Structure formats: structure tokens, C-alpha cells
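Residues per chain are reported as follows:
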Amino acid sequence: MTEAVTLLRPWWLLALPLLGLLAWRAAHRSAPLGDWVRAVEPHLMAALAARGAVRPGRRGGQVLLVLAGALLALGLAGPALERRDVAGFRNLDATILCLDLSRSVAEGGRLGEMRVLAQTLAEAAGTRSVALVAYAGDAYLAATPTTDRDSLGTILFALDGATVPDRGSHPARALALARRTLAEGAVVTGDVVLVSDGGGLDEAATREVAALAADGHRLHTVLVTDPALPPEAPRPDGAGMARLATLGGGSAGSLDAPAPVLAAISETLARHLAEGGYAVLAWRDLGRWLAGLALLPVLLLFRRSA
């Protein structure tokens with residue numbers, strides 16, 4: 001709904017149109033509550049009415065039932081306010097950037113743009129800690145999880161094709177290192193961003209992405225393409241990168257169109273914790289009070305007339 005107000009279980013709002021339909025039917029087609037006219041034989045009802053034993057029914061009970069149902073549905077939808085102390089749980093969340101520094105990427109003409117994007121992703125993470133993994137033929141933790149964006153920027157802009165001495169491209173090793181870093185930091189819901197041209201994607205990389213998702217983390221991918229690549233150079237694997245993002249429950253973008261990944265990384269800490277199953281830490285659920293108010297119209301159904 002807004003950054004500070006949300007619905008934790010919005011699908012319960014689907015009950016409101018159904019309640020409206022039932023209310024319309026009760027008002028136009030049903031007899032008053034306690035319809036004894038249909039339950040008692042006509043001659044017996046006439047005899048009871050003649051003795052003064054029958055009172056006219058009222059439809060007020062139907063309105064009260066609909067009101068109670070509406071309040072209960074709104075309560076179950078979970079209107080919630082963001083907790084003021086949610087920033088205290090930022091250690092439960094982290095972002096890890098995995099940058100491909102293999103020859104096909106580092107020796108192209110877009111390494112500078114890739115550095116700028118990595119810095120933008122780090123800024124989009126807000127107060128969450130960010131780590132940096134550089135990989136080619138092997139993977140190395142270039143920066144441990146930190147909230148110091150200045151030091152991270154210094155490391156980022158020092159990366160080049162000579163940073164990783166191992167030739168080749170093995171994203172599976174970078175993803176395995178990212179997963180291990182998240183586990184060592186006891187991060188319960190994290191984002192891993194793979195910035196690559198898709199070189200070296202294999203079954204091992206797919207297994208690592210599945211393991212990240214099983215641990216409660218998300219994988220996003222940013223495809224790096226270089227129009228100046230020579231004809232004999234391997235082509236970027238955009239389909240493979242998109243497939244990994246889908247498997248990892250994240251977003252797929254490119255160096256030219258990174259908006260989907262930036263939007264995912266920019267989610268507030270509260271919303272990210274809620275997606276990871278830790279909504280109780282991030283949001284104050286007001287639904288119980290609305291559900292409790294549903295008892296008031298129900299209690300009125302039990303009132304006795306004079």
C-alpha cells in the first residue's frame with residue numbers, strides 16, 4: 001500500500017465482494033432471520049398467530065452478520081504498520097554482488113559501466129550490508145559484507161582484468177562463495193546479484209542457484225553485452241541468465257536496462273523480511289484488533305428485546 005503501511009494477507013479482501021453478494025441476496029430474496037414461515041405448516045402458523053404467539057421477524061440480524069464478516073475479512077487481510085525498530089534487524093539481510101571479470105567481460109569496452117552499475121546496486125541496498133565477489137576461473141571475496149559504501153566504491157573501481165589471475169569463467173564458484181558468505185553471516189534473507197555475460201553457465205551453477213533459493217535467498221542477474229565483440233568471441237547467454245533469475249526467485253535485467261534488478265534491491269528492509277517469512281519482525285499486525293471488533297455485531301445478535 002505504502003512504504004510504512006501494507007496488507008500482509010491481501011487475498012482475504014476477495015471475501016468482501018462475496019459478502020456483498022450475500023448481503024444483496026439476503027436483502028432482496030430471503031425472509032427475515034428465523035424464517036419460521038417456511039419451517040412451520042401454514043395452518044399451524046396461522047393458529048399460532050391467532051393466539052399472539054408469533055412476532056414479526058427482523059432483518060437487522062442479517063446486516064450485523066455481514067458487518068461481522070466484513071470486519072473479520074479485513075482483519076484477516078492483515079493491515080500492518082512498519083515497526084520503528086526494523087532497522088535493528090538489518091543484520092538479517094545482505095546483498096552480495098558477483099562480478100564476472102573473465103576476459104570476455106573485463107577486456108571488453110563496458111567494464112567501467114559495470115563498475116558504475118555495481119556501485120548503484122550497492123547504494124540501492126540502503127542500510128543493508130553489501131559484499132563483493134570477483135570471479136573468473138575462480139572466485140574471491142573482494143569485500144566482506146560492509147555498510148561502508150566509500151570503501152566498497154574504492155574496491156570496485158580498482159577491479160580490472162588482472163584482478164582474478166585464474167583464466168576461464170566459473171560462475172558456480174562465485175555463487176557457492178556467495179552462499180557460504182551468507183551462511184557464515186547468519187543472513188536469513190539475502191540478495192545475490194550475478195553480473196555477467198552468461199559465460200560458463202552449467203549444471204553446477206544451476207545447483208548453486210537452487211541451493212540459494214532453498215536457503216531463503218534470491219538471485220538476480222544482470223546481463224553484460226558488448227556490441228564491439230569480435231565475431232569469433234562467445235555470444236552472451238541472455239536466455240541462460242534469465243533462466244537462473246527465474247530459478248532463484250529474482251529479477252533479470254541487463255547493463256542497458258537494469259531497472260528490474262534495481263527495483264528488487266531497493267525494496268525496504270521490512271518488505272524484504274516479510275517476503276522471507278519474517279513479517280512479524282518487520283510489521284505490527286493490526287488485523288487481530290479488526291477481527292476482535294467483529295465480536296461486537298455478533299454480540300448484538302444475542303440481545304433480548306423487551
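See the structure shown above.
Predicted model, so just to flag it, every value in this text is computed and none were measured.

What follows concerns the environment of L121. Following the sequence through the fold, L121 ends up in helix 6 (residues 111-124). In the structure, L121 is positioned 24 residues away from L97 in sequence and 8.3 Å away in space, judged by C-alpha atoms. Not counting residues within four places of it along the chain, the set of residues in contact with L121 comprises L97, V193, V261, L262 and I265.

Phi angles above zero are rare outside glycine, and A186 is one such case at about 55 degrees. Its location among the elements puts A186 in the loop between helix 8 (171-184) and strand 6 (189-196).

Residues L132 and V193 are the most contacted members of the largest nonpolar core, which totals 28 residues. Of all the secondary structure elements, the ones that give two or more residues to this core are strand 3 (93-100), helix 6, strand 4 (129-135), helix 7 (149-156), strand 6 and helix 11 (259-265). Ranked by the residues each element gives to this core, the list is headed by helix 6, at 7 residues. When residues no more than four places from it in sequence are discounted, the contact partners of L132 are L97, L99, Y140, L141, A142, A143, L152, I155, L156 and L159. A172, A178, A205 and L212 belong to the second largest nonpolar core, which has 23 residues in total.

Positionally, A106 belongs in helix 5 (residues 103-106). Placed 53 residues apart in sequence, A106 and L159 show a C-alpha to C-alpha distance of 9.0 Å. Apart from residues lying up to four places away in sequence, A106 is in contact with L101, L111, D160 and G161.

Moving on: a nonpolar patch on the surface. Residues L18, L21, L22 and W24 make up a contiguous nonpolar surface patch of roughly 430 Å² in combined accessible area. On the secondary structure map, W24 appears in helix 1 (residues 15-28). By relative accessible area, which is 47% here, W24 ends up partly exposed.

Before going further, it helps to examine the pattern of salt bridges. Summed over the entire model, instances satisfying the criterion amount to 5 salt bridges. Linking R110 and D256 is a salt bridge whose minimum nitrogen-to-oxygen distance equals 2.6 Å. Taken together, the residues span a long stretch of sequence, with R110 in the loop between helix 5 and helix 6 and D256 in the loop between strand 8 (249-254) and helix 11 at a distance of 146 residues. We classify R110 as buried; its relative accessible area is 10%.

We now examine the pairing of strand 3. The element strand 3 is extensively covered by neighbouring structure, given that 8 of its 8 residues are classed as buried. Here strand 3 shows no split at all, with D93, T95, L97 and L99 on one side and A94, I96, C98 and D100 on the other all buried. In this sheet, strand 6 lies alongside strand 3 in parallel orientation, the contact comprising 7 bridges. By the bridge assignment, L99 is partnered in strand 6 with V195. Judged from the 7 bridges that link them, strand 3 and strand 4 form a sheet pairing that is parallel. By the bridge assignment for strand 4, D100 is matched with Y135.

To continue, consider the sheet that holds strand 6. Strands sit in the order 5-4-3-6-7-8 across an open sheet of 6 strands; the sheet is mixed. Both edges of this open sheet fall to strand 5 (139-146) and strand 8, since each of them pairs with a single strand only. Taken pair by pair, the neighbouring strands of this sheet meet at an average axis angle of 15 degrees, ignoring direction. Relative to strand 7 (residues 218-223), strand 6 runs parallel, the two sharing 6 bridges. Each residue of the ladder has a partner; that of V195, found in strand 7, is V222. Running over the sheet, helix 10 (residues 238-247) touches strand 6, strand 7 and strand 8 and is turned about 160 degrees from strand 7.

Scoring rules and cut-offs
Residues numbered from 1 in each chain as written. Predicted model: local features only at pLDDT ≥ 70, side-chain atom pairs only at ≥ 80, totals over all residues. Heavy atoms only, no water. Helix = DSSP H or I, 4+ residues; strand = E, 2+ residues; numbered from the N terminus. Contact = heavy atoms within 4.5 Å. Core = buried A, V, L, I, M, F, W, Y, C linked by side-chain atoms within 4.5 Å. Buried < 20%, exposed > 50% of the residue type's maximum accessible area, 1.4 Å probe, protein only. Patch = residues over 30% accessible without salt bridge, like charges linked within 9 Å, V, L, I, M, F, W, Y side chains within 5 Å. Areas by Shrake-Rupley, 256 points an atom, 1.4 Å probe, with all protein chains shown as cover. Salt bridge = Lys/Arg side-chain N within 4 Å of Asp/Glu carboxyl O. Pairing = 2+ DSSP bridges. Axes fitted to C-alpha atoms, helices over the stretch in contact; angles between N-to-C directions.

Everything listed here is a matter of coordinates, which is why it stays silent on function.
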